[in-house]
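Notes for the structure review
If you want the building blocks of each chain, they are given just below.
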Amino acid sequence: VIGLPGERVVVKDGHVTVYNKENPDGFDPDKGHEYSKSIKTTPGNVDITVQPGEVFVLGDNRTNSLDSRYFGSVNAGDVVGKLGLRIFPLNKARSF
C-alpha cells in the first residue's frame, strides 16, 4: 500500500511521490527502506487522489506488476491477508 485515503499519488519520470497533509511538498515512500534497494524505477504516468475507503497499491516488481497504476485504487475492504512468515532479508526471517 503506497497511498491512503485523501493522499495524492504521482508516478512520473520513474519515481513515486505521495502528497498528504504531513508532507505537502511530497515524499518518496520507497526512500530509505531495505526493499527499495531492488526498486530502480517505477514506470507509469499516474496522478490520482485516493478516495475515501480506498488504497493505492504498487507491486514490488515495479517494472512487471499489474497494480493501481493500471486498475486504479482498490477498495480497502478487499485487502485481506495476514503475514505469517517473513523470509527476506534472510537475517530478519521470522514467523508471526
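Our subject is the structure that appears above.
Residues numbered from 1 in each chain as written. Predicted model: local features only at pLDDT ≥ 70, side-chain atom pairs only at ≥ 80, totals over all residues. Heavy atoms only, no water.

1. Re the side chain of Asn 20
Applied cut-off: Secondary structure elements follow DSSP: runs of H or I of four or more residues count as helices, runs of E of two or more count as strands, with numbering from the N terminus. Under the rule applied, a polar contact is a pair of N or O atoms within 3.5 Å (in protein, one hydrogen donor and one hydrogen acceptor; residues adjacent in sequence only if both atoms are side-chain atoms). Throughout, a contact is declared for two residues whenever any of their heavy atoms are within 4.5 Å.
Summarising the element assignment, Asn 20 is placed in the loop between β2 (15-19) and β3 (46-49). At 3.1 Å, the side chain of Asn 20 forms a polar contact with the backbone nitrogen of Glu 22. Of note is the side chain of Asn 20, whose polar atom sits 2.7 Å from the backbone nitrogen of Asn 23. Excluding residues that lie within four positions of it along the chain, Asn 20 makes contacts with Glu 7 and Phe 27.

2. Quick notes on the sheet that holds β2
Threshold: For two strands to be treated as a pair, DSSP must find no fewer than two bridges joining them. Axis lines are fitted to C-alpha atoms, over the contacting stretch for helices. Their N-to-C directions set the angle, which ranges from 0 to 180 degrees.
Pairing is antiparallel in the open sheet, where three strands are placed in the order β2-β1-β3. In this open sheet, the two strands that pair with only one neighbour each are β2 and β3. Averaged over all pairs of adjacent strands, the angle between their axes in this sheet comes to 10°, without regard to strand direction. Of the pairings in the sheet, the one linking strand β1 (residues 8-12) to β3 comprises four bridges and is antiparallel in character. Pairing of Val 11 across the sheet is with Val 46, part of β3.

Read these as spatial facts, not as claims about activity.
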